[in-house]
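Listed below, chain by chain, are the residues.
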Amino acid sequence: MTLDDFDFHLPDDRIALRPANPRDSARLLLVTPGEAPGDLHVRDLPDQLRAGDVLVVNDTRVIPARLKGVRVRGDSRIAVQATLHRHTEPHVWTAFMRPGKKLTAGDRVVFGAGPGELDATVMQKGEGGEITLGFDLSDPELMVAIAGNGMMPLPPYIAAKRGEDAQDRTDYQTVYAAEDGSVAAPTAGLHFTPELIARLAAMGVSVERVTLHVGAGTFLPVKVEDLSEHRMHAEWGEIDAATADRLNAARAAGGRIVCVGTTSLRLLESAATPDGTIQPFSAETAIFIT
């Protein structure tokens, strides 16, 4: 496959800048091999499922991972912006930063309202453009400071058209988000409502939670023409033993495992053995599902 196999025209007026209200009124495309596509809404999902099926959702919670700051080098001051990417140590994050070319190891960056609140040192610059930041604070104080100073990291195709605001903290979060760690939303799950989940439960469709923390690499463009040469960004995920056992039992009983979005799919495929058995998993995954 080549990159231009995926080209299509997307008119600007088809890019939603706010979610549908209610969320499950968003449109849903039903694709059945050999049949014409069906034009549905997310609220119609129960009609496509049956008792014994299992929906697998990603319960990661998006943190306000976009930080504005100032690079300080002697008397020089330059405005910078960071999108936090991976949390590698209690005081260390990797980030994509703009303008990255203006940063070197040893630079101090002041994020937040003033000096001392959320300061960091540039530890190193990676070949892929990532900047490693060592913050003066460590968890849990660091996460509190990020939550107080950060903005929700909207996708570039939205951020280019409007600024972030307080409503994004609710809109850009699934209703079942629980585990802090993502710097981008698992977007398929944004269309679920408590009422829709209740309808599914009432008809015997269960919901299982797994966790995959979405990294800022999801915003990066594919830069190669031959997709076999693309190296996918890694993300950390976890499936506990009890969840794996329930998924395997549901399959053995004839139920269908339906992933809500590519993040849940990526994690299950990473945890699966060749015969399809789901194993407990707690690690990074870099698989590229084409």
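Conventions and cut-offs
Residues numbered from 1 in each chain as written. Predicted model: local features only at pLDDT ≥ 70, side-chain atom pairs only at ≥ 80, totals over all residues. Heavy atoms only, no water. Helix = DSSP H or I, 4+ residues; strand = E, 2+ residues; numbered from the N terminus. Buried < 20%, exposed > 50% of the residue type's maximum accessible area, 1.4 Å probe, protein only. Contact = heavy atoms within 4.5 Å. Areas by Shrake-Rupley, 256 points an atom, 1.4 Å probe, with all protein chains shown as cover. Phe/Tyr/Trp six-rings, centres within 6.5 Å; stacked < 30°, edge-to-face > 60°. Pairing = 2+ DSSP bridges. Axes fitted to C-alpha atoms, helices over the stretch in contact; angles between N-to-C directions. Core = buried A, V, L, I, M, F, W, Y, C linked by side-chain atoms within 4.5 Å. Polar contact = N/O pair within 3.5 Å; in protein donor to acceptor, adjacent residues only side chain to side chain. Salt bridge = Lys/Arg side-chain N within 4 Å of Asp/Glu carboxyl O.

(A) Here's a closer look at the overall build of the chain. Scanning the chain from N- to C-terminus turns up six helices and 15 strands. Reported as C-alpha extents along the three principal axes, the dimensions of the chain are approximately 65 × 45 × 40 Å. A buried classification covers 40% of the 290 residues belonging to the chain. Considering only contacts in the chain between residues 6 or more positions apart, those separated by 24 or more positions represent 66%. With an accessible surface of roughly 15500 Å², the chain has 54% of that area assigned to carbon and sulfur atoms.

(B) Region of interest: the packing of aromatic side chains. The full count for this structure, using the stated rule, is one aromatic pair. Where F111 meets F135, the ring centres are 6.1 Å apart and the plane angle is 35°; that geometry is what we call tilted. Placement of the pair is F111 in strand β8 (residues 108-111) and F135 in strand β10 (residues 130-135), with a sequence separation of 24 residues. F135 shares its class with F111; the two are buried.

(C) Representation of the sheet that holds strand β6 (residues 76-89) in the model. One closed barrel holds the six strands; their spatial order is β5-β6-β7-β10-β9-β8, and the pairing between them is antiparallel. Within this sheet the neighbouring strands show an average axis-to-axis angle of 45°, counted without direction. Across the sheet, helix α1 (residues 141-149) touches β5 (66-73), β6, β7 (92-98), β9 (118-125) and β10, and the angle it forms with β9 is around 105°.

(D) Molecular detail of the sheet that holds strand β15 (residues 281-285). Spatially, the five strands line up as an open sheet ordered β14-β3-β12-β13-β15, and their pairing is mixed. In this open sheet, the two strands that pair with only one neighbour each are β14 (257-259) and β15. Between one strand axis and the next, the sheet turns through 30° on average, direction left out of account. With three bridges connecting them, strand β3 (residues 54-58) and β14 associate as parallel partners. Residue V56 lies in a different strand from β14, and its bridge partner there is C259. Taken strand by strand, helix α5 (residues 241-252) contacts β3, β12 (206-212), β13 (235-239) and β14, and its axis lies near 135° from that of β12.

(E) Structural detail: the nonpolar core. In terms of nonpolar packing, the biggest core is built from 24 residues, with L84, W93, M97, F111, L118, L133 and F135 touching the most fellow members. Counting residues per element, the ones that place at least two in this core are β6, β7, β8, β9, β10 and α1. In terms of residues, this core owes the most to one element, β7, which gives four residues. Excluding residues that lie within four positions of it along the chain, L118 makes contacts with L67, V109, V110, F111, F135, L142, A145, I146 and N149.

(F) Focus on the side chain of T285. Tracing the chain through its elements places T285 in strand β15. A polar contact of 3.4 Å, which involves the side chain of T285, links it to the backbone nitrogen of I287. Apart from the residues within four sequence positions on either side, T285 is in contact with L212, H233, A234, E235, R266 and S270.

(G) Seen up close, the pattern of salt bridges. The tally for this structure, following the rule as stated, stands at 15 salt bridges. In this structure, the salt-bridge partner of R18 is D165, at a minimum N-O distance of 2.3 Å. Placement of R18 in the segment before β1 (27-30) and of D165 in the loop between α2 (156-159) and α3 (168-171) is noted, with a sequence separation of 147 residues between them. For D53, the salt bridge goes to R256, with nearest N and O atoms at 2.7 Å. Linking D53 in the loop between β2 (38-41) and β3 with R256 in the loop between α5 and β14, this pair joins segments that are 203 residues apart in sequence. Linked through salt bridges whose partners overlap, the residues forming this network are R18, R162, D165 and D168.

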